[in-house]
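# Structural features, examined
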Amino acid sequence: MKPILLFCAGAFLAACCVPQKGPIGPYAPYNDIAPVTSESYSRRFLEYLASSPWRNSDYKRVLVCGALGTAWCAPGTSIEAALKRVHLRQPAFYNVSVWRPKDAAFYGVRFDGKQRVEPSVRILVPSNRLQIGDAVVVLEKLVSF
């Protein structure tokens, strides 16, 4: 119960800090010059999750939300299967994170060939199974040419 309360408090505070100009876009933090800190990634994932329908659910299903839309999955589904529900085909163009309310933490998802994972050092692989109340957040990477 405490992790859920901590998350709710964090989500509320993050939502209060978000500009009120419009809906939160599903884009990962980006900087042309300097690397983006993991705190910026965590804040962005939290802001997006706080604005999603996850906070209104009954916490018995798994939410997949972000740049590719929203879907609900049953607990025990692999991360890979959950991402197929929102038609994720090119993981290199997206940052994927899993919110685990039990741990009150985000876990980055490492795909084949990807060295760095955001937002944290906690790592999951696509074959890991999702648990009750988990939320998978997919943010689109911005690319500059």
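Structural notes, computed from the coordinates. Given the structure is predicted, the values throughout are model-derived calculations rather than measurements. Numbering of residues starts from 1 in each chain and follows the order in which that chain's sequence is written. Local features in a predicted model are, by the rule used here, given only for residues with pLDDT of at least 70; side-chain atom pairs are given and counted only at 80 or more, and totals for whole chains, interfaces and linings are based on all residues. Here the side-chain values reflect all heavy atoms present in the structure, with hydrogen atoms and water set aside.

## Observations concerning the sheet that holds strand β5 (residues 123–124)
One open sheet accounts for six strands, arranged β2-β1-β6-β3-β4-β5; its pairing is mixed. Bordering the open sheet on either side are β2 (71–73) and β5, each of which pairs with just one other strand. A pair of strands counts as paired when DSSP detects no fewer than two bridges linking them. Each helix is a run of DSSP H or I of at least 4 residues and each strand a run of E of at least 2, with the numbering of both proceeding from the N terminus. Bridge analysis of strand β4 (residues 105–109) against β5 gives two bridges, and the strand direction is parallel. Each bridged residue has a counterpart across the sheet, and for Val109 the counterpart in β5 is Leu124. Contact definition: two residues touch when any of their heavy atoms are within 4.5 Å. Between the N-to-C directions of two axes lies an angle of 0 to 180 degrees, each axis being a line fitted to C-alpha atoms and, for a helix, fitted only over the stretch in contact. Contacts from helix α2 (residues 38–50) reach β1 (62–66), β3 (94–100), β4 and β6 (135–140), with the element oriented near 115 degrees to β6.

## Things to note about the pattern of salt bridges
Here a salt bridge means any side-chain nitrogen of Lys or Arg lying within 4 Å of a carboxyl oxygen belonging to Asp or Glu. What the rule picks out here adds up to two salt bridges. The residue Asp134 makes a salt bridge to Arg100 at a minimum N-O spacing of 2.8 Å. Here Asp134 is found in the loop between β5 and β6, whereas its partner Arg100 is found in strand β3, with 34 residues between them in sequence. Neither residue differs from the other here; Asp134 and Arg100 are each classed as buried. The rule is simple: take the accessible area with a 1.4 Å probe, protein chains only, and divide by the maximum for that residue type; under 20% is buried, over 50% is exposed, in between is partly exposed.

## Here we look at the nonpolar core
Membership of the largest hydrophobic core comes to 20 residues, with the highest contact counts inside it found for Ile79, Leu83, Val96, Val98, Leu130 and Val136. Of all the elements in the fold, those that place two or more residues in this core are β1, β2, α3 (79–85), β3, β4 and β6. Discounting residues that sit within four places of it in the chain, Val98 has contacts with Ile79, Ala105, Phe106, Tyr107, Val109, Leu124, Leu130, Asp134, Ala135 and Val136. Joining through side-chain atoms within 4.5 Å is the link that ties buried Ala, Val, Leu, Ile, Met, Phe, Trp, Tyr and Cys residues into a set, and such a set is a nonpolar core. The next biggest cluster of nonpolar side chains, apart from the first, holds 15 residues, and it includes Ile24, Tyr41, Phe45 and Leu63.

## Regarding the packing of aromatic side chains
Two aromatic rings are characterised by how far apart their centres lie and by the angle between their planes. By convention, a stacked pair of Phe, Tyr or Trp rings (six-membered ring in the case of Trp) has centres within 6.5 Å and planes under 30 degrees apart, an edge-to-face pair has planes over 60 apart, and any other such pair is tilted. Using the criterion set out here, one finds two aromatic pairs in the structure. On the numbers, 5.8 Å between centres and 40 degrees between planes, the contact of Phe45 with Phe106 is tilted. On the criterion of sequence distance, the pair formed by Phe45 in helix α2 and Phe106 in strand β4 is long-range, its members being 61 residues apart. Of the two residues, Phe45 and Phe106, both sit in the buried class. Only lysine NZ and arginine CZ atoms are considered, and such an atom sits over a ring when it is within 6 Å of the ring centre and within 35 degrees of the ring normal. One residue, Arg61, lies across the ring of Trp72, its end atom 4.4 Å from the ring centre. The positively charged end of Arg100 is found above the aromatic ring belonging to Tyr107, 5.7 Å away from the centroid.

## Observations regarding the side chain of Arg100
For Arg100, a relative accessible area of 7% corresponds to the buried category. Whenever a nitrogen or oxygen atom comes within 3.5 Å of another N or O atom, the pair is scored as a polar contact, on the condition that within protein one atom can donate a hydrogen and the other can accept it, and that pairs from neighbouring residues in sequence are kept only if both atoms are in side chains. Of note is the side chain of Arg100, whose polar atom sits 2.8 Å from the side chain of Asp134. Sequence-distant contacts of Arg100, that is, excluding residues within four places in its chain, are made with Ala105, Tyr107, Leu124, Arg129, Leu130, Gln131 and Asp134.

## Quick notes on the pairing of β6
The side chains of a regular strand alternate between the sheet's two faces. With five of its six residues buried, β6 lies for the most part within the structure. Where β1 and β6 come together, four bridges link them in parallel fashion. Bridge pairing in β6 links Val64 to Val136. Of the strand pairs in this sheet, β3 and β6 are connected by six bridges, and their pairing is antiparallel. Bridge pairing links Val96 to Val138 in β6.

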